[in-house]
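# Results of the structural survey
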Amino acid sequence: YGKNNYSTVLVGSSLSGALEVKKLFKEKYFNLFLPFTDASTGIEVIRRSRKIPKRIFIEINHIDRGIDSSLIQSIFNSPFYELRYFFPFLRTENKFFPNIVDRLKKPVDNKINKNKPSPKLYKALIKNAQDEWSEIGDTDFLRCKLDIVKHAVAEFAAKGCSIFFYEMPMDSSLNNSPLLMYQRNYFAKLASQNNYTFIGTDKTRTYQTGDGVHLLKDDAIIYCKYLVDEFSKK
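So, a few notes on the structure that sits alongside this text.

Rules used throughout
Residues numbered from 1 in each chain as written. Predicted model: local features only at pLDDT ≥ 70, side-chain atom pairs only at ≥ 80, totals over all residues. Heavy atoms only, no water. Helix = DSSP H or I, 4+ residues; strand = E, 2+ residues; numbered from the N terminus. Buried < 20%, exposed > 50% of the residue type's maximum accessible area, 1.4 Å probe, protein only. Contact = heavy atoms within 4.5 Å. Areas by Shrake-Rupley, 256 points an atom, 1.4 Å probe, with all protein chains shown as cover. Axes fitted to C-alpha atoms, helices over the stretch in contact; angles between N-to-C directions. Parallel < 35°, antiparallel > 145°, perpendicular 65-115°, else oblique. Nonpolar A, V, L, I, M, F, W, Y, C, P; charged D, E, K, R; others polar. Pairing = 2+ DSSP bridges.

## Topic: the overall build of the chain
In terms of helices and strands, the chain carries eight helices and five strands. When the helices and strands of the chain are read in sequence order from the N terminus, they spell out β-β-α-β-α-α-α-α-α-β-α-β-α. Counting over 234 residues, the chain shows a buried share of 41%. Of all intrachain contacts in the chain linking residues separated by at least 6 positions in sequence, the fraction that spans at least 24 positions is 73%. Per element, the accessible surface of the chain, about 13,600 Å² overall, is 54% carbon and sulfur.

## What about the packing of helix α5 (residues 119-134) against helix α7 (residues 178-194)?
For the pair α5 and α7, the least separation of the axes is 6 Å and the interaxial angle reads 50 degrees. On the basis of their axis angle, the class for α5 and α7 is oblique. Counting all contacts with α5, which are made through E132, W133 and S134, the residues of α7 involved are P178, L179, L180 and Q183. Across the contact of α5 with α7, the residue classes tally to four nonpolar, two polar and one charged.

## Observations concerning the sheet that holds strand β4 (residues 162-166)
Reading across from one edge, β2-β1-β3-β4-β5 is the order of the five strands in this open sheet, with parallel pairing throughout. Each edge of the sheet is formed by a strand with only one pairing partner; in this case those strands are β2 (29-33) and β5 (197-199). Pairwise comparison of adjacent strand axes, ignoring direction, gives a mean angle of 15 degrees for this sheet. Packed on one face of the sheet, α7 meets β4 and β5 and runs near 145 degrees to β5.

Okay, structure coming up:
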């Protein structure tokens, strides 16, 4: 419902929250990273809001989760979505009780970890990550989820939006995991076929994570610089 139309928007999962450590662009932009879901939901938010940016950067690590239909329904349920434009008091941010609760509850710590957890905990976390990323599941169902993104970005591109795909680095043991490789190959091919841009992960170094998936702060800063350099080339 904001009046600002951002010319550049990033969409991704919690992995892209690491990009908050550093300013990526000179102009105002919005990083729509969504923990527990992925870029699919962010793309659907943009599509339904009809606020198509000039450039959209899409994290490809987690497209496999698909659209969070419950979240989308809660935002865009009709007719309240349209009514909230004309009657701001209907928005959650302007309701009395949620505002009181927001002022009383303890703030959530969204800081990016600087250090790895204990070796024992990290070993368990990395094992969970390896198990998760080793499973593709039903490839037809996964492809349907990826195809939804393909059709949405085609709509955006037809309206003059430049499409960029990017991959967030994870623990090196996950680089060639079946699930990541499937998504990487799908979107690299899609970019090649449609004159989109695909920015692969940095292969010049090993990045450190706090759980096998999410970058530690210093490594996030390094990767931000890599992305900015790659963006500028494109």
